[in-house]
Number of protein chains: 4
Amino acid sequence: MYNTFGNIFRLTSFGESHGVAIGGVIDGCPSGLVMDVDFINAELSRRRPGQSSLTTSRKESDEVRFLSGIYDNRTTGTPIGFMIENENQHSADYDAMKDIFRPSHADYAYFCKYGIRDPRGGGRASARETAARCVGGAIAKLALRPYSILIRAFTSQVGAIRLENRDDYDWSEIERNSVRCPDSSKAAEMASLIEEVKSNGDTIGGVVTCRIDGCPVGLGEPVFGKLHAALGHAMLTINAVKGFEYGDGFDAALYRGSERNDAFYVRETNIRTLTNHSGGIQGGISNGETIYFRVAFKAVPTILTEQATVNMKGESVTFTARGRHDPCVVPRAVPIVEAMAAMTVFDYLLLDARSSA
Amino acid sequence: MYNTFGNIFRLTSFGESHGVAIGGVIDGCPSGLVMDVDFINAELSRRRPGQSSLTTSRKESDEVRFLSGIYDNRTTGTPIGFMIENENQHSADYDAMKDIFRPSHADYAYFCKYGIRDPRGGGRASARETAARCVGGAIAKLALRPYSILIRAFTSQVGAIRLENRDDYDWSEIERNSVRCPDSSKAAEMASLIEEVKSNGDTIGGVVTCRIDGCPVGLGEPVFGKLHAALGHAMLTINAVKGFEYGDGFDAALYRGSERNDAFYVRETNIRTLTNHSGGIQGGISNGETIYFRVAFKAVPTILTEQATVNMKGESVTFTARGRHDPCVVPRAVPIVEAMAAMTVFDYLLLDARSSA
Amino acid sequence: MYNTFGNIFRLTSFGESHGVAIGGVIDGCPSGLVMDVDFINAELSRRRPGQSSLTTSRKESDEVRFLSGIYDNRTTGTPIGFMIENENQHSADYDAMKDIFRPSHADYAYFCKYGIRDPRGGGRASARETAARCVGGAIAKLALRPYSILIRAFTSQVGAIRLENRDDYDWSEIERNSVRCPDSSKAAEMASLIEEVKSNGDTIGGVVTCRIDGCPVGLGEPVFGKLHAALGHAMLTINAVKGFEYGDGFDAALYRGSERNDAFYVRETNIRTLTNHSGGIQGGISNGETIYFRVAFKAVPTILTEQATVNMKGESVTFTARGRHDPCVVPRAVPIVEAMAAMTVFDYLLLDARSSA
Amino acid sequence: MYNTFGNIFRLTSFGESHGVAIGGVIDGCPSGLVMDVDFINAELSRRRPGQSSLTTSRKESDEVRFLSGIYDNRTTGTPIGFMIENENQHSADYDAMKDIFRPSHADYAYFCKYGIRDPRGGGRASARETAARCVGGAIAKLALRPYSILIRAFTSQVGAIRLENRDDYDWSEIERNSVRCPDSSKAAEMASLIEEVKSNGDTIGGVVTCRIDGCPVGLGEPVFGKLHAALGHAMLTINAVKGFEYGDGFDAALYRGSERNDAFYVRETNIRTLTNHSGGIQGGISNGETIYFRVAFKAVPTILTEQATVNMKGESVTFTARGRHDPCVVPRAVPIVEAMAAMTVFDYLLLDARSSA
């Protein structure tokens, strides 16, 4: 609970937006895993600010420094400590905000809970914390390579611009556009919407879809460790997430059993389903079909127009945010969704390792 | 993980649909709590089959038997063991199914994971397991009484019939109709839709909305123990659930920060928000406003018409389900959603007791 | 924590001495394990009172009733719920004690912690709770059979009568005498000491030694999950235990490194140690040698002579215990030590399955 | 489990002896705690090598660097990340050992478990890891100050030189001598024994006794979370520990109930015990008397004389350790025992915070 994620493969994360550093400890990582530090830093840079005109111009170099758990470039089975130094901290940008509670931010709730808060850049509530998740996710992806499990997230909605759910997208397109959408024309629409929103000092929400291909049958631990419940929990811990659905999701409410049951059939020697409304999980356990789910993100509450709020003295005040912020977090959220999915799936592989005698 | 739910207030549940009994152990319940067994059984009967023409006609008396943890009708701080005997087990109804994998059921996934499955009524994957959750939830509700936290779930959608989200429903209406909907005319529409579906041997999905009023500011444990992530996880462990959203949920993707930020203002001496798009939770911590969320349920896959599937020999076969089943689980899911919410909120109250020096 | 033991293979136990029943839930047990109920009940009866003149004459039939998790006499991977009905409850014996705090019992501490206590037979603090551990331990022993790991505990000390630590005892002797000592002449001495103590209405302490043979190299999870720390924790949770030592234990304080290092050598193709002062564990990880440890038990505080104490009104009073009690718990503790060791070793086998890629 | 210690107040530790750094993350520390960094570094330096002629001459400055969780010199309730850079790493000293398994060290067990090991200074198995525990313990001690709970450990045995257990020692003497023994004449004897052992390139074992005064009644969570079981587990995770006993410990085996029961009496308005054979804990719950326990340490296996062992090719070889080592770890173990006790007691205070309604 709290700041530890996972059961066997566990990430314990620490760090505030403008503190000394953020980082974490990965425990339960099997020994003998060859570290691919370039890959890990590449994953980190997918999350990094300033990668395109659609994201905040804030610069963070975000190179991970490993402190333990690695010898001869392989994991030793001991905890992997790591840190990412914080830099380029325009804390001054936040001085104006240290006495006020920003609307729809965590300021007020943190202050009430803890009686103290680190106002610099949102402190622990800042999405900067997710950099540690990307490190954990990258290591989980390395561990998943031998299983040829493929985890792929992408932007499927920005505002009202939606991507229909299809299996035949050119997935290599995802990293070719700044929105991280596999449909280049939709990507262009989304990009111009984000540019327009940005020009108004406003922000906008969206949806990330994630697909997990190649997941073996049998992952998931009923009843409170159902695979989709673990994935849902993982996604709901990401900043700004408001909803999670898998398979048919909320649409399932509209249909009848006769319309949406996934009939089994035999393909070569494998038992498969004709349709996949279940989203690759039945009874909380993977059934070998593609796992897919959608994660809803709200518009980030930091907008550059004047807003009314309350200060710490309990007085009504107005303020206008300064600093550099994302007009839409969804493109940068894509690697974070993948990271959380990778840690969850690998953790469940380890859990499943001894489910039958 | 697995079959234990919660951090401090923990329910460990056991039991299959047609085994000897289902039950559980509640650990971490504070001592001195006066047991109201009538209330607990009343909560259980809200979940019970056969309560109306909209639910399965299967009869279960479902009286809970407490085995430990109670003395002089008060909790002693020791684990509360309880069981509910299984009865009226028409296992014969399932003989036909013990060699086949029912579409969109857990049969196939369980068999692949464990190499063995209890086919009688779905075994552990049956929603009968949720009776144990209702006992845990009822005890959590008793523990929440002194805090005057009110947890109220209701049916907000069946098929395409939706209830708009309003604060001014007559909540006492919920238990007056068999759909458990606070709007009597919508309830009537929903009821006739379910009757029609049932007459065709079919099933249909829906949505349960839950509201938590009176929750104090400060519940929630960032970053992986965010309150909404815990609620989402709790709901996603319920049978047939396909999605969870809180506050604006998936609609949040459509809007701009300037449209959906919740401005703070001072009401009497309290800091409140003018709107509540956040759903009572900011940064994973309750902010004192009403917490609300929606839970999507698929149509139960057991339909009374012929379906194609595969048997355990890997042969294509057809079968037609027999037995008595719910045409729509949503009305009976309402108390289960409340139970999971109550256990989560009470557990987080206990967790929060330790958050500041 | 609390009433759950283990990481992957987990026993959650419940029940008071004179409540309705004691029992538990075993979660994380692999599927496909053939249940040998006769063996399980045999293990239970090794713990049962009234088995000889050296133990309390209190009769408990202690037949375990399984409630879930088993189908076709095999485990299904779902939680195994079980209970043992309480019977023959001479609660009247305890009426006299319900208003007083018995010396060196848990009465006072429980009352202070919880503000309420179940005075009947010590309630949750009674050693009757250990019957649930014997069920868990018996199932762990069944799971360990294919690994040919042998767990053997015996009485090695009663009062000042000590057994020297030797490898060449006739282990089959253990169950042939009522003391459970592998040396028949020492067993006779111990038995007569216990008879003498009993005739004075007194009680006496002792030590149980446990040996684990055939444990593979590599069990143990540094640094806080060291195998000996897990075994020590397990033993220290048993009623009346005052100390735990493994290998040289407290004697290790007396010697020099040059006297007690275990030199490695090659035997056939195996790396072994010439001596085993380490007790089969180095750095918290099993090294393939015999694991052995000693567990110290105090004399049970229930004696049949008059004692001074304080009642719940805070008044000085005297009282004399009634009821039937063990003059020495050690013989009955032997199977409990084995049960806790078996659960620990099997849990660590499951944990280790995930330690290298 | 693994590298995380505690339930609510949790230390997750990382780092190898000769890696980049050791450190950890403290989660669950209440907010608002004023950090006394001088005190924390003072605690660290009590553990530091090179503090006297009785300890290794290896120099480590061991200044802790906090990375998160602190603002305005107070804890914020977010995870406290910290690190201690490794320096002065004479890894060359270990080159000779990287292909051999040192007797009674963890080398062989680690290699078998993980298939890889960091041979530099024992890697993760090195006692250097305990520096992170001292940081956690120091913060726990700061949190315990308002409760006026006093935790005091000292050297009570070196080789055959024992200190009798008395309440009237001048505790301020402990830090005045290099052995950390409250009896100055015994301290002198112990010191000369250690000097003699050191002059022979040998090492020797000993015992640390710990007393916890001022602990409130009611700490401890039966049945698997008994306070003494938690303390025993905590101590057994410390390097070189072979045994744990509390109260009468192993001596309890020698006596009769009539000789060792702790009679209750009323002192002013408090219920106290006339004797304290129970060691301040009854039924796993503190009873308000002084908690005391003893921890046995073996002689460190690194001796400077030639030893026979086996290399990684499975060949018999001889080797002689080089480098700077402790002739007796006990004096430096004293602060580590206190640190583990402090973390355990504070964690149990937090656990107890909600044990009654």
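As a reminder, the structure under discussion sits directly above these lines.
Residues numbered from 1 in each chain as written. Chains lettered and ligands numbered in written order. Predicted model: local features only at pLDDT ≥ 70, side-chain atom pairs only at ≥ 80, totals over all residues. Heavy atoms only, no water.

What about the interface of chain A and chain B?
Filter applied, for reference: Should any heavy atoms of two residues lie within 4.5 Å, those residues are counted as being in contact. Defined in terms of a 1.4 Å probe, buried area is the accessible area two parts forfeit on being brought together, summed over both. Salt bridges are defined by distance alone: a side-chain nitrogen of Lys or Arg within 4 Å of a carboxyl oxygen of Asp or Glu.
With 106 residues of chain A in contact, the opposing surface of chain B contributes 106 residues. At the boundary of chain A with chain B, total buried surface from both sides reaches about 8,000 Å², with 60% on carbon and sulfur atoms. Linking chain A with chain B are six salt bridges. Across the salt bridge formed by Lys-113 of chain A and Glu-221 of chain B, the nearest N and O atoms sit 3.0 Å from each other.

Quick word on the relation of the copies chain D and chain C
Put simply, the rule reads: The copies are overlaid by a least-squares fit using only the C-alpha atoms of residues whose pLDDT is at least 70 in both copies.
When chain D is fitted to chain C, the residual RMSD is 0.1 Å, and the transformation amounts to a turn of 180° plus an axial shift of 0.0 Å. Taken together, the turn and the small shift mark the pair as related by a two-fold rotation axis.

Considering the sheet that holds strand β8 (residues 100-101) of chain A
In a beta sheet, neighbouring strands pair by backbone hydrogen bonds and run either parallel or antiparallel. Formally: A pair of strands is considered paired only if DSSP assigns at least 2 bridges between the two. Here a strand is any run of E in DSSP of at least two residues, a helix any run of H or I of at least four, and the numbering for each starts at the N terminus.
Strands sit in the order β8-β18-β19 (chain A) across an open sheet of three strands; the sheet is antiparallel. Two strands lie at the open edges of the sheet, namely β8 and β19 (316-319) of chain A, each paired on one side alone.

As for the relation of the copies chain A and chain B
Each of the two chain copies can be brought onto the other by rotation about an axis and movement along it. Under the fitted operation, chain A is carried onto chain B by 0.0 Å of movement along the axis and a turn of 180°, and the coordinates agree to an RMSD of 0.1 Å. Residue by residue, 99% of the interface of chain A is reproduced at the interface of chain B, so both copies engage with the same surface.

Points about the pairing of strand β19 (residues 316-320) of chain D
Bridge count for strand β18 (residues 306-311) of chain D against β19 of chain D is five bridges, and the pairing is antiparallel. If you follow Val-310 of chain D over to β19 of chain D, its bridge partner there is Ser-316 of chain D.

Regarding the pairing of strand β3 (residues 21-27) of chain B
All names here are of chain B. Note the threshold: Note on classification: 1.4 Å probe, protein chains only; a residue is buried when its accessible area is under 20% of the maximum for its type, exposed when over 50%, partly exposed between these limits.
In terms of residue burial, β3 counts as a mostly covered element, since seven of its seven residues are buried. On β3, burial covers both faces: Ala-21, Gly-23, Val-25 and Asp-27 on one face and Ile-22, Gly-24 and Ile-26 on the other are all buried. As paired elements, strand β2 (residues 10-14) and β3 share five bridges and run antiparallel to each other. Note on β3: the bridge partner recorded for Thr-12 is Val-25. The loop that links β2 with its antiparallel partner β3 comprises six residues; one of these, Gly-15, has a positive phi angle of about 120°. Note: β3 against strand β7 (residues 80-85), six bridges, orientation antiparallel. Paired with Gly-23 across the two strands is Met-83, which belongs to β7.

Comments concerning the interface of chain D and chain C
Rules: Any pair of nitrogen or oxygen atoms within 3.5 Å is treated as a polar contact; in protein, a donor-acceptor pairing is required on top of that, and neighbouring residues in sequence qualify only through side-chain atoms on both sides.
At the junction of the two partners, chain D supplies 106 residues and chain C supplies 107 residues. Across the chain D/chain C interface, buried area totals approximately 8,000 Å², and carbon plus sulfur atoms make up 60% of it. For Lys-113 of chain C, the salt bridge goes to Asp-352 of chain D, with nearest N and O atoms at 2.5 Å. Here chain D and chain C share 46 residue pairs in polar contact (both at pLDDT 80 or more) between them.

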